[in-house]
Amino acid sequence: MNLIVAVDSNWAIGNKNQLLVRIPADHKYFREITTGKVVVLGRKTLETFPQGMPLKNRTNIILSTNPDYHVKDAIVVHSLEELFEELKQYDTKDVYIIGGSSVYRELLPYCDVAHVTKIDRAYEADSYFPNLDQMEEWQITADSEEQTYFDLEYRFLKYEKKK
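How each quantity is defined
- Residues numbered from 1 in each chain as written.
- Predicted model: local features only at pLDDT ≥ 70, side-chain atom pairs only at ≥ 80, totals over all residues.
- Heavy atoms only, no water.
- Helix = DSSP H or I, 4+ residues; strand = E, 2+ residues; numbered from the N terminus.
- Contact = heavy atoms within 4.5 Å.
- Polar contact = N/O pair within 3.5 Å; in protein donor to acceptor, adjacent residues only side chain to side chain.
- Salt bridge = Lys/Arg side-chain N within 4 Å of Asp/Glu carboxyl O.
- Buried < 20%, exposed > 50% of the residue type's maximum accessible area, 1.4 Å probe, protein only.
- Pairing = 2+ DSSP bridges.

Undergrad: Sorry, what's going on with the environment of N60 here?
TA: Structurally, N60 can be placed in strand β5 (residues 59-63). With 69 residues separating them along the chain, N60 and F129 place their C-alpha atoms 21 Å apart. N60 has contacts with V39, L41, P54, L55, A74 and I75, leaving out every residue within four places of it along the chain. A distance of 2.8 Å separates a polar atom in the side chain of N60 from the backbone oxygen of L55.

Here it is, written out as structure tokens:
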């Protein structure tokens, strides 16, 4: 499985249920990578989307512990066991974990590839992604040129789990 995330220099991903910053090229990159694929996300992340609706042109699988939670045009699962059962019908290389922090933490051990937009700035944050640079099993296998958006500098990194 894969994951895709944008992090600041402290590996923060959000504050008060919002992204830290919106970078158009990062959103475009996200769309290019995930369109036509399966995205796995938590309920709180879904609620941050426009009108709280699933992403178009993707199979959306929402992880929620609430047994009564239902979402139009999405599959809702209530446990990791249920999620893995549902994912059996898809090629794991087409599955992308897209947040939030608890979903990333729970599913990181099952991922082999991480697409990370690394933003060279520290933001006020209350939600973090595990620091892959401090984990021996992960290595950077691709690194873009430095990108800029107004006064922000960032790069697109690809981390892969060592075999």
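Undergrad: Please explain the pattern of salt bridges as it appears in this structure.
TA: Note on pairing: side chains with opposite charge can pair once their charged atoms come close. A full pass over the atoms with the stated rule returns ten salt bridges. With a shortest N-O distance of 2.9 Å, K118 and D133 are connected by a salt bridge. Here K118, found in strand β8 (residues 113-119), pairs with D133, found in the loop between β9 (127-128) and β10 (138-143); they are 15 residues apart in sequence, far enough to count as distant. In this structure K118 comes out as buried when scored by relative accessible area, which is 19%.

Undergrad: How should unusual backbone geometry be read in this particular structure?
TA: Keep in mind that most residues, glycine aside, have a negative phi and that most peptide bonds are trans. Going from G99 to G100, the amide bond is cis rather than trans, its omega being 0°. Tracing the backbone through its elements, the reader meets G100 in the loop between β7 (95-97) and α4 (101-107). The residue N17 is not glycine, and still its phi comes out positive at about 60°. Positionally, N17 belongs in the loop between β2 (12-15) and β3 (18-19). Phi angles above zero are rare outside glycine, and Q51 is one such case at about 55°. Position of Q51 relative to the elements: it lies in the loop between α2 (43-47) and β5.

Undergrad: Even after reading the chapter, I still don't get the pairing of β5, so can you show me in this structure?
TA: Put simply, side chains in a regular strand alternate between the two faces of the sheet. Within β5, four of the five residues are buried, which leaves the element mostly enclosed by the surrounding structure. By the bridge criterion, five bridges tie strand β4 (residues 38-42) to β5 in an arrangement that is parallel. Across the sheet, residue L41 finds its bridge partner in β5, namely I62. Pairing of β5 with strand β6 (residues 75-77) involves three bridges; the strand directions are parallel. What sits directly across from I61, in β6, is I75.

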